[in-house]
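Chains, contacts and geometry: an overview
Spelled out, the chains give:
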Amino acid sequence: MEHVTSRWGTLVLIALLDRSYRFSELRREIGRVSEKMLAQTLQTLERDGLVHREAKPVIPPRVDYSLTDLGREAAEQVRGLALWTERRMAAVQKAREEYDAAKA
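Reference entry: report on the structure contained in this document. (Residues numbered from 1 in each chain as written. Predicted model: local features only at pLDDT ≥ 70, side-chain atom pairs only at ≥ 80, totals over all residues. Heavy atoms only, no water.)

Here we come to the sheet that holds strand 1 (residues 21-22). Pairing is antiparallel across the open sheet formed by 3 strands, whose spatial order is 1-3-2. In the strand order of this sheet, the two ends are held by strand 1 and strand 2 (51-56), each with one partner. Bridge analysis of strand 2 against strand 3 (residues 62-67) gives 6 bridges, and the strand direction is antiparallel. Its bridge partner being in strand 3, arginine 53 is matched across the sheet by tyrosine 65. (Pairing = 2+ DSSP bridges. Helix = DSSP H or I, 4+ residues; strand = E, 2+ residues; numbered from the N terminus.)

Shown next as structure tokens:
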């Protein structure tokens, strides 16, 4: 659960819903993620069975990342939560303001 809902894990899963990516493409798609953090996130998600890493024997070497069936299922759930958050952010902000005003 921790890996799926982490900041970078969520963004990787959502990005991979659309298509497979090479490492550098995925990094550009997500933005503001270091190479080290993206590599760690992909390795963790691969270990959890959510991401498939395919190294192709070509020159120069090519590695593609895609979702497994389990990863696609998780990504769809995460995307649903992300979309809900976007739609309801104004309500969350209003609740925060009301809470803070009551505590002041």
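What follows deals with the side chain of threonine 10. In this fold, threonine 10 is placed in helix 2 (residues 7-18). Every residue in contact with threonine 10, bar those within four places of it in the chain, is listed here: Val4, Thr5 and Val78. (Contact = heavy atoms within 4.5 Å.)

Before going further, it helps to spend a moment on the packing of aromatic side chains. Tallied over the entire structure, the rule returns 0 aromatic pairs. Seen from the ring of tyrosine 21, arginine 19 lies directly overhead, with NZ or CZ sitting 3.9 Å from the centre. (Phe/Tyr/Trp six-rings, centres within 6.5 Å; stacked < 30°, edge-to-face > 60°. Lys NZ or Arg CZ within 6 Å of the ring centre and 35° of its normal.)

Okay, the pairing of strand 3 next. Within a regular beta strand, the side chains point alternately toward one face of the sheet and then the other, so they alternate between its two faces. Direction of pairing for strand 1 relative to strand 3: antiparallel, over a ladder of 2 bridges. Looking across to strand 3, one finds that tyrosine 21 is bridged to tyrosine 65. With antiparallel pairing between neighbouring strands as the criterion, strand 2 and strand 3 make up a hairpin whose turn holds 5 residues.

So, about the packing of helix 2 against helix 4 (residues 35-47). In the contact formed by helix 2 and helix 4, the axes pass within 10 Å of each other and the chain directions differ by 70 degrees. As summarised for this structure, helix 2 and helix 4 are arranged roughly perpendicular, according to the angle between their axes. For the pair helix 2 and helix 4, the contacting residues are Trp8, Gly9, Val12 and Leu13 in the first and Met37, Leu38, Thr41, Leu42 and Leu45 in the second. Of the residues contributing to the contact of helix 2 with helix 4, the split by class is 7 nonpolar, 2 polar and no charged. (Axes fitted to C-alpha atoms, helices over the stretch in contact; angles between N-to-C directions. Parallel < 35°, antiparallel > 145°, perpendicular 65-115°, else oblique. Nonpolar A, V, L, I, M, F, W, Y, C, P; charged D, E, K, R; others polar.)

Turning our attention to the pattern of salt bridges. By the definition in use, this model includes 5 salt bridges. The shortest N-O distance in the salt bridge between glutamate 25 and arginine 19 comes to 3.8 Å. Judged by relative accessible area, which is 25%, glutamate 25 ranks as partly exposed. Among the charged side chains, a network of salt bridges with common partners joins Lys56, Arg62 and Asp64. (Salt bridge = Lys/Arg side-chain N within 4 Å of Asp/Glu carboxyl O. Buried < 20%, exposed > 50% of the residue type's maximum accessible area, 1.4 Å probe, protein only.)

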